[in-house]
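Breakdown of the fold
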Amino acid sequence: MSLKNTPRTLILLALVGILIATVVYAYNHYRGFLPAQVQHEPVLSLEQQEQIKTHSPISEIRVYKAKRELQLISGELVIRCYPMRLGFSPQGHKQQEGDGKTPEGRYMIDWRNSKSAFYKSLHVSYPNTTDRAAATARGVSAGGDIMIHGSTNSKVAELPNMMQYLPEQDWTLGCIAVRNVDIDEIWKLVENNIPIVIYP
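Just so we're clear, the structure is a prediction, and the values are computed from it rather than from any experiment. (Residues numbered from 1 in each chain as written. Predicted model: local features only at pLDDT ≥ 70, side-chain atom pairs only at ≥ 80, totals over all residues. Heavy atoms only, no water.)

1. Regarding the pairing of strand 5 (residues 121–124)
Here is the rule: Buried, partly exposed and exposed residues are distinguished by accessible area as a fraction of the type maximum, computed with a 1.4 Å probe on protein chains only: under 20%, between the cut-offs, and over 50%, respectively. Numbering of helices and strands starts at the N terminus; helices are DSSP runs of H or I of at least 4 residues and strands are runs of E of at least 2. Here, a strand pair is defined by DSSP locating no fewer than two bridges between the strands.
Residues S121 and H123 of strand 5 are buried on one face, and the alternating residues L122 and V124, pointing to the opposite face, are buried as well. Bridge count for strand 4 (residues 105–113) against strand 5 is four bridges, and the pairing is antiparallel. The residue bridging W111 from the neighbouring strand is H123, located in strand 5. Pairing between strand 5 and strand 6 (residues 147–149): three bridges, direction antiparallel. Each residue of the ladder has a partner; that of H123, found in strand 6, is M147.

2. Looking at the nonpolar core
To keep things clear, this is the line we draw: What makes a nonpolar core is a set of buried Ala, Val, Leu, Ile, Met, Phe, Trp, Tyr and Cys residues whose side-chain atoms join them at distances within 4.5 Å. Any two residues whose heavy atoms approach within 4.5 Å are treated as being in contact.
Core analysis: the biggest nonpolar cluster contains 31 residues, and I61, L70, L72, I148, I176, I186 and I196 have the highest contact counts within it. Of all the elements, helix 5 (residues 180–189) adds the most residues to this core, at four residues. Not counting residues within four places of it along the chain, the set of residues in contact with I176 comprises V63, L70, M84, R85, L86, T102, M147, I148, H149, I196 and I198.

3. Side note on unusual backbone geometry
Between Y126 and the following residue, P127, the backbone shows a cis peptide bond with an omega angle of 0 degrees. With respect to the secondary-structure elements, P127 resides in the loop between strand 5 and helix 3 (129–138). Its identity is not glycine, yet R68 carries a phi of approximately 55 degrees, on the positive side. Looking at the secondary structure, you find R68 in the loop between strand 1 (60–64) and strand 2 (69–74). Taking relative accessible area as the criterion, R68 reaches 23% and is therefore assigned partly exposed. One non-glycine residue, Y119, lies in positive phi territory at about 75 degrees. Considering the arrangement of structural elements, one finds Y119 in the loop between strand 4 and strand 5.

4. With respect to the side chain of H123
Let me state the cut-off plainly: Residues adjacent in sequence count toward polar contacts only when both atoms are side-chain atoms; beyond that, a polar contact is any pair of N or O atoms within 3.5 Å, and within protein one must be able to donate a hydrogen and the other to accept it.
Of note, H123 is situated in strand 5. Assessed through its relative accessible area of 8%, H123 is described here as buried. A polar contact is formed between the side chain of H123 and the side chain of D110, at a distance of 2.7 Å. The residues touching H123, leaving out its near neighbours within four places in the chain, are M108, I109, D110, W111, D145, I146 and M147.

Rendered as structure tokens:
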């Protein structure tokens, strides 16, 4: 290598190094949003959904945070299971606004939003009286707007395969996120004013 070409070679090596570092950073930063490789139950037909509503109406939702699983229950029978994602800091019960935690305990599905920012959403009745009192004692806001919702907004959902999308890692601000095809199903099977129990 001649001395004349040394600066050009060093610049080229530096650019290659910057490119590699950028790719590695981008992968590490965004890999949590890659599609999850998890097993899904087949999506129910409208006829199957009507059969469940008629013969095994959903009486409770159970969320198992550690297993990342949401179950629809009729009596004591598990009717449907869905993989899901939680708040970005999922360990423990939600303490205050902005902590990235998904609540734990017994709540209700008290209303729904068909034009949610994340496709569709069912509202969880957090915070309850105990949650508010605990937050007030600490001098913080308990937060709110905890939902079961889809994983993309309506515009993104129009792209191929995005109705099936579920990120690899937890990402919400405290909500419970499922695939858009799953929230479609949950939306039809779950009535308002049924309990939801969220386990650690």
